[in-house]
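Coordinates in review
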Amino acid sequence: MSLNNVQHLHQSFSEEEQKVQQLLSAMTLSEKIGQMSQFSGNEGFISPDLAEAVKAGKVGSVLNEVDVNVVNQLQHIAVNETRLGIPLLIGRDVIHGFKTIMPIPLGQAASWSKDLVKQGAKVAAIEAKTRGINWTFAPMIDISRDPRWGRIAESFGEDPFLSSVLGVAMVQGFQGNSLKDKGSIAACAKHFAGYGASESGRDYNTANIPENELRNVYLPPFKAVADAGVATFMASFSDLNGVPASGNEWLMKQVLRKEWQYQGFVVSDWDSIRQLSVHGFTQDDKQSAYEAVNAGIDMEMVSSTYQNHIEDLIADGKLIIAQINTMVANILTVKFKLGLFENPFTNQDDLPKVLNQQHLAIAKQSALQSCVLLKNSANTLPINLNKTNSIAVIGPLANDGYEQLGTWIFDGEGKDSKNCLDAIKDVVNGDAEIHFEQALSNTRSKDTQYFTNAVATAEKSDVAILFLGEESILSGEAHCRSNIDLPGCQEQLIEAIAKTNTPIILVVMAGRPLTLTNIIDKVDSVLYAWHPGTMGGPAIADLLFGKQSPSGKLPVTFPRNVGQIPMYYAHKHTGKPASQDMYVHMDDIPQRAPQTSLGMAATHLDTHFSPLFPFGFGLSYTHFKYQNLLLSTDKLKFNQPLKVTVEVLNTGDIDADEIVQLYLRDLVGSVTRPVKELKGFERVHIKAGETKTVTFTLDTKDLAFFDRNMRFNAEPGEFLLWIGGNCEAQLMASFSLEEEH
Ligand code: BGC
């Protein structure tokens, strides 16, 4: 390379890149490996080992330290007592709030509100920043189609489009306009990739996903956040098609770096590089370090295969220093972008207080919009206080501030929550008697001794509100279930109370879709609240008493039973699709019916082929009518936008939000296409009696998919398009994408 070329190259480097290159050229190999190593903190103090490692330049990042004084002290050692003074990344799982806890991500997804998801992440970033945290391990954007999997709680559900939109919103909330802003922290897209497809919904299990499905379903949210500038990625624990993600060169290099041109850095999951040998992918830690570096996992979380083996691997000629330089540069670039070199220390006075009124208001709004009304017979809801003299509040989740927070709340505390019982008392304000009976010590309890009290309480009341579901510990990482009915003897409790004939309103708090088949006919109304977070109580009380209408919609299909799983709306049509006219239940089959007499279709004999509640579903206290679906053309050319309009009419007598959803079907594809795919949605507020026109614009890329040669293309042909309030919308139009000339 001539001198001229070198100068030219330098000019094209940004100022940040130049700083990175300068620093890099001053670093020893040991210091470089240090930057690639993340250590676990001690939560509240600095152990001599950690202090020594930081001082020796062996640490690039620390996770799980939230005492601001300790964090400042760690930064002080890194900045003032090491040779090069490189500040630390301080990581933490701030998944759905820090002190002010928002609904679990699956609940936030049910709001279909990118504004609220963004605001919630902003609140979390500001609060975490008060402790010196500058990096969160969120958003989790694993497509989750198996409610047995405990980590579905952390996800945005089953749909690539919804997860992409909300994933980007969450990244924007955490990272702000600039990572240097006071309230911004670096985000992390996880778990790359395919973790949600863990076999049998068992955490950490193998994922086998054909490349075409991987690209069409599992990767789009990751591509979306990469394009949106997410600072970091995390490799998944799982084995993807035989190659664990932490050693998966194809995924990290070919897809992430080459095809997507991703510029941030990749961190392993906790100990996942060492676990490469547990998978049986490598024979020892040295080979694990080799495979992980070779794949491009820039930073190792917690295990120390990099510390122990990179130098030898370089000496052996297996790795070359250029690989290490690239990885360290990726990490340093994020540190520069965060402004850590200028401002390594945290002054709490620079930031708003945690749990302030504004943060709580956002948490309440998020909880309000995430609750989904699944059933409302005879308009049992909202409760009319003019006609109600007494209310029974029953169940272990009615007044449990901790359990309403959900999984991954390392820093959230039950004492800061507003629970449902207190909130109901506030809203009722003496206008009706409230009788409380906890009935069960927790959701798993099988002790029925208090059922008689619960039944008596319901009997003497005009309406019974039951707060049931799952405690926080029953979902989240490593908390998977093979049976997803209401646990313990909660179903029996419902049955006992149902005998009183007092109308039952069931409020479910849970980290996943539960199978409600056994009890759905025994209750009058069901409000699905997920784990609603700090402000769950006031939000739920407002909905129960009609101060607001429920407006959440399901981000995931609710199966009738576990045997239907995997069950998702965007399935393929098959060659023998299930249909109502061919459906026979096994109880109705005549004895010795000939083998083919039932017809041949993709159904089960012992349950209907439909879900209990479809994706996108959610009721309101009003009704919406969809009409006048219009397309700008029915013969679309490539690269011509398609404008779609629809009128949505609020036919009831209260103002409310509706989530208008647009679905597409590509009738013929060179690989088979899903029966429906979400391609647009909008939350709109419509006053009683008002009609709103909602407009969507689709581009050719919205019609595109990865074909059998893994090319991303739209194919000419016929499309069907539906708009409505859930994935079973009936209002339909069609158009064709014309051949290119
Ligand atoms: C989880 C990650 C998390 C990490 C750090 C792992 O066990 O899979 O999602 O970010 O721990 O706590």
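Along each chain, numbering runs from 1 in the same order as the chain's sequence is written. Given that the model is predicted, a residue must reach a pLDDT of at least 70 before its local features are reported, and side-chain atom pairs must reach 80 or more before they are shown or counted; all residues, however, enter totals for whole chains, interfaces and linings. Calculation of side-chain values draws on the structure's entire complement of heavy atoms; hydrogens and water are dropped beforehand.

1. Considerations on the site of the ligand
Let me state the cut-off plainly: Whether a residue is near a molecule or strand depends on its heavy atoms: if one lies within 4 Å, it is near. Under this definition, polar contacts are N or O atom pairs within 3.5 Å; protein pairs additionally need one hydrogen-donor-capable and one acceptor-capable atom, and for neighbouring residues in sequence, both atoms have to be side-chain atoms. Per-residue accessibility takes into account occlusion by the displayed protein chains alone, with areas from the Shrake-Rupley method and a 1.4 Å probe.
The full set of residues close to the ligand is Leu-63, Asp-93, Phe-137, Arg-151, Lys-190, His-191, Met-234, Phe-237, Asp-269, Trp-270, Met-301 and Glu-477. At 2.7 Å from an oxygen atom of the ligand is found a side-chain nitrogen or oxygen belonging to Arg-151. Residue Asp-269 places a side-chain N or O atom 2.6 Å away from an oxygen atom belonging to the ligand. When the free accessible area of the ligand is taken as 310 Å², the share hidden by the protein chains comes to 94%.

2. A few points about the sheet that holds strand S6 (residues 232-235)
The criterion, for reference: The pairing criterion is simple: DSSP has to find at least two bridges between the two strands. Note on conventions: DSSP H or I runs of at least 4 residues are helices, E runs of at least 2 residues are strands, and numbering of each starts at the N terminus. Comment: axis = line fitted to C-alpha atoms, over the contacting stretch for helices; angle = value between 0 and 180 degrees taken between N-to-C directions.
Across the sheet, 3 strands lie side by side as S5-S6-S9; this open sheet has parallel pairing. With partners counted over all chains shown, the strands left at the sheet margins are strand S5 (188-192) and strand S9 (265-267), one partner each. Within the sheet, the average angular offset between the axes of one strand and its neighbour, ignoring direction, is 25°.

3. Let's talk about the packing of aromatic side chains
The line we're drawing: Only rings of Phe, Tyr and Trp enter the pairing, Trp through its six-membered ring, and a pair is recorded when the two centres are within 6.5 Å. The plane angle decides the type: under 30 degrees is stacked, over 60 is edge-to-face, the rest tilted. With a 1.4 Å probe rolled over the protein chains alone, any residue whose accessible area is under 20% of its type maximum counts as buried; one over 50% counts as exposed, and the rest are partly exposed. For a ring to carry a charge above it, either NZ of a lysine or CZ of an arginine must fall within 6 Å of the ring centroid while also lying within 35 degrees of the normal to the ring plane.
Scanning all chains against the criterion turns up 25 aromatic pairs. For the ring pair Tyr-195 and Phe-237, a centre distance of 6.3 Å and an interplane angle of 70° mean the geometry is edge-to-face. With Tyr-195 in the loop between S5 and helix H9 (211-218) and Phe-237 in the loop between S6 and strand S7 (239-240), this pair connects stretches of sequence that are 42 residues apart. Across this residue pair, the class does not change: Tyr-195 and Phe-237 are buried. Measuring from ring centre to ring centre gives 4.4 Å for Tyr-569 and Phe-615, while their planes differ by 15°; the resulting arrangement is stacked. With Tyr-569 in the loop between helix H20 (536-544) and strand S17 (624-631) and Phe-615 in the loop between H20 and S17, this residue pair connects regions lying 46 residues apart in the sequence. The exposure class assigned to Tyr-569 is buried, which follows from its relative accessible area of 7%. Cluster of aromatic residues (ring-pair linked, three or more members): Trp-112, Phe-161, Tyr-569, Phe-615, Tyr-663 and Phe-681. The aromatic ring of Trp-408 is capped on one face by Lys-190, whose charged end is 5.4 Å from the ring centroid.

4. Thoughts on the sheet that holds S17
Pairing is antiparallel across the open sheet formed by 3 strands, whose spatial order is S17-S19-S22. Both edges of this open sheet fall to S17 and strand S22 (691-698), since each of them pairs with a single strand only. Strand-to-strand twist of the sheet, defined as the mean angle between neighbouring strand axes without regard to direction, takes the value 20°. When strand S19 (residues 642-650) meets S22, the two strands line up antiparallel, connected through 8 bridges. Bridging from a neighbouring strand, Lys-643 pairs with Thr-697 of S22.

5. Regarding helix H18 (residues 451-459)
Stated precisely, the cut-off is as follows: In this description, one arc is meant: the one made by directions from the helix axis to the C-beta atoms. Two residues form a contact once any of their heavy atoms are found within 4.5 Å.
When we look at burial in H18, the residues that qualify are Phe-451, Ala-454, Val-455, Thr-457 and Ala-458. One face of H18 carries all of its buried residues, which in axial projection span an arc of 160°. Exposed and facing more than 90 degrees away from the buried side of H18 are Thr-452 and Glu-459. Against strand S12 (390-394), strand S13 (433-437), strand S14 (463-469) and helix H19 (490-498) lie the buried residues of H18.

6. Here we look at the pairing of strand S25 (residues 717-724)
For S25, the buried fraction is high: 6 of the 8 residues fall into the buried class. Bridge count for S25 against strand S26 (residues 732-737) is 6 bridges, and the pairing is antiparallel. Across the sheet, Gly-717 pairs through a bridge with Leu-737, a residue of S26.

7. Re the packing of H9 against helix H11 (residues 249-259)
Rules: Orientation categories follow fixed angle ranges, with anything under 35 degrees roughly parallel, anything over 145 roughly antiparallel, 65 to 115 roughly perpendicular, and all other angles oblique. Working rule for handedness: look at the near helix, and if it is turned counterclockwise from the far one by less than a right angle, call the crossing left-handed; if clockwise, right-handed. Note on residue classes: Ala, Val, Leu, Ile, Met, Phe, Trp, Tyr, Cys and Pro are nonpolar, Asp, Glu, Lys and Arg are charged, and everything else, Gly too, is polar.
At a closest axis distance of 14 Å, the pairing of H9 and H11 adopts a crossing angle of 50°. Taken together, H9 and H11 sit at an angle that is classed as oblique. In the packing of H9 onto H11, the handedness of the crossing is right-handed. Two secondary-structure elements touch here, H9 through Glu-211, Leu-214 and Arg-215 and H11 through Trp-250, Val-255 and Glu-259. When the residues that make up the contact of H9 with H11 are grouped by side-chain class, the tally is 3 nonpolar, no polar and 3 charged.

8. Side note on the pattern of salt bridges
The criterion, for reference: The term salt bridge refers to a pairing of a side-chain nitrogen on Lys or Arg with a carboxyl oxygen on Asp or Glu at a separation within 4 Å.
Under the defined criterion, the tally for this structure stands at 30 salt bridges. With its nearest N and O atoms 3.0 Å apart, the salt bridge here joins Lys-99 to Glu-413. With Lys-99 in the loop between strand S3 (89-92) and helix H6 (105-111) and Glu-413 in the loop between S12 and helix H17 (420-428), the pair connects residues that are 314 residues apart, well separated along the chain. Between Glu-470 and Arg-512 there is a salt bridge; the shortest N-O distance is 2.4 Å. Of the two residues, Glu-470 is situated in the loop between S14 and H19 and Arg-512 in the loop between strand S15 (504-509) and strand S16 (525-528); the sequence distance between them amounts to 42 residues. The burial state of Glu-470 is the same as that of Arg-512; both residues are buried. A cluster of three or more residues bridged by salt bridges with shared partners is formed by Lys-99, Glu-413, Lys-415 and Asp-416.

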